[in-house]
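# An overview of the molecular structure
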Amino acid sequence: MSPDLAAFRAFAGEAGPEGFVLVRVTETKGSAPREAGAFMLVSATGTFETIGGGTLEFEAIDRARAMLKGADAGDLDWVLGPESGQCCGGRVKLSFERIPTNEADKVAAMIGEENRRKPEVWIFGGGHVGRELARFLSFLPVHPHLVESRETEIQLVPDGALPHLAAMPESMVPDIAPGAAVVVLTHDHSLDFLVVDAALKRDDLAFVGMIGSKSKRATFESRYRKEGGDPAKLDRLVCPIGSKLDDKRPEVIAVTVAAELMAVFADRPAA
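Read on for a plain summary of the structure. (Residues numbered from 1 in each chain as written. Predicted model: local features only at pLDDT ≥ 70, side-chain atom pairs only at ≥ 80, totals over all residues. Heavy atoms only, no water.)

### Observations regarding the nonpolar core
Counting residues in hydrophobic clusters, the biggest one holds 24 residues, and the most contacted among them are Phe124, Val182, Val196, Leu200, Phe220 and Leu237. The dominant element in this core, judged by the number of residues it contributes, is helix H6 (residues 189-200), at seven residues. Contact partners of Val182, with chain neighbours within four places excluded, come to Trp122, Phe124, Ile176, Val195, Ala199, Leu205, Phe207, Val208 and Gly209. Core analysis: the next-biggest nonpolar cluster, separate from the first, contains 23 residues, Ile154, Ala206, Phe207 and Ala254 among them. (Core = buried A, V, L, I, M, F, W, Y, C linked by side-chain atoms within 4.5 Å. Buried < 20%, exposed > 50% of the residue type's maximum accessible area, 1.4 Å probe, protein only. Helix = DSSP H or I, 4+ residues; strand = E, 2+ residues; numbered from the N terminus. Contact = heavy atoms within 4.5 Å.)

Below, the structure written as structure tokens:
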């Protein structure tokens with residue numbers, strides 16, 4: 001889950017007059033618990049976020065709290081091997097910066113910028129799978145949007161996803177931010193076609209996917225060609241989406257699609 005500004009402000013408010021320490025992962029080599037840029041905050045009584053857990057994190061917390069008492073923590077170069085009680089096999093460098101309580105806004109700005117850079121996922125279709133996908137994505141470092149043409153379904157959009165009621169959902173596609181993902185799973189195959197067709201007209205989306213089967217894809221491709229679509233763009237369409245499991249419960253489909261999306265964003269950061 002991405003850092004939450006409200007949760008951070010609550011943490012900072014409880015930190016006390018000595019403030020807290022910002023612990024950053026500045027460099028990694030080999031296998032490591034978190035990537036460079038990950039951070040955690042440590043106060044005298046609590047922590048916010050994580051740099052990966054385990055012995056490394058315990059050591060970082062101890063150093064940060066010693067820093068709050070006046071010690072000079074310095075940077076930490078940690079080998080993730082048997083001598084440290086961890087077997088990742090890599091190496092991590094950490095920096096430590098003490099943040100006075102009256103400078104908490106500096107960290108709030110950093111968290112806000114990180115959240116602004118999260119990629120968008122536009123879910124077209126607020127049925128069972130669409131709602132479950134929006135629910136899962138609300139816990140991940142993305143901005144989920146859910147588009148529906150039915151008023152009854154838009155009322156059911158879970159917290160954490162931004163709802164959009166649109167009589168013509170395909171009309172929203174041109175205004176989606178570059179680097180976003182489009183996932184199409186409406187209640188109507190003709191509507192699916194219109195949304196996917198609009199998405200394939202763009203070359204700056206990270207993912208265009210449609211729920212369905214090989215048969216549905218073949219039907220889509222046939223209609224797409226007949227209506228003058230560029231066959232070369234069909235290579236960008238992912239259909240079916242998610243892992244091909246026998247279990248077709250909405251939450252099972254949704255979690256596999258969420259995993260597929262996170263893999264796409266890991267390989268191709270949002271613009």
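Text resumes after the structure shown.
### A few points about empty space enclosed by the protein
Counted by the stated rule, this structure contains one cavity of 30 Å³ or more. Of the voids in this model, the largest cavity is the one considered here, and its volume is about 30 Å³. What lines the largest cavity is simply Glu27, Thr28, Lys29, Asp77, Arg91, Val92 and Lys93. Its residues assigned to classes, the lining of the largest cavity comprises one nonpolar, one polar and five charged. (1 Å grid on protein atoms, 1.4 Å probe; cavity = no way out; pocket = protein on both sides within 12 Å on 5 of 7 lines; lining within 4 Å. Points joined across faces, edges and corners; volume = space filled by probe spheres on them. Nonpolar A, V, L, I, M, F, W, Y, C, P; charged D, E, K, R; others polar.)

### Thoughts on the sheet that holds strand E1 (residues 20-29)
On the basis of which strands lie adjacent, the open sheet formed by five strands has the order E3-E2-E1-E5-E4 and antiparallel pairing. Strands at the two margins of the open sheet, each flanked by one partner only, are strand E3 (47-49) and strand E4 (76-79). For this sheet the average axis-to-axis angle between neighbouring strands, irrespective of direction, equals 25 degrees. Where E1 and strand E2 (residues 39-42) come together, four bridges link them in antiparallel fashion. Residue Arg24 lies in a different strand from E2, and its bridge partner there is Phe39. Contacting E1, E2 and E3, helix H1 (residues 5-13) runs over the sheet at an angle of about 165 degrees to E3. Contacting E1, E2, E3, E4 and strand E5 (91-99), helix H2 (residues 54-68) crosses the sheet at an angle of about 25 degrees to E5. (Pairing = 2+ DSSP bridges. Axes fitted to C-alpha atoms, helices over the stretch in contact; angles between N-to-C directions.)

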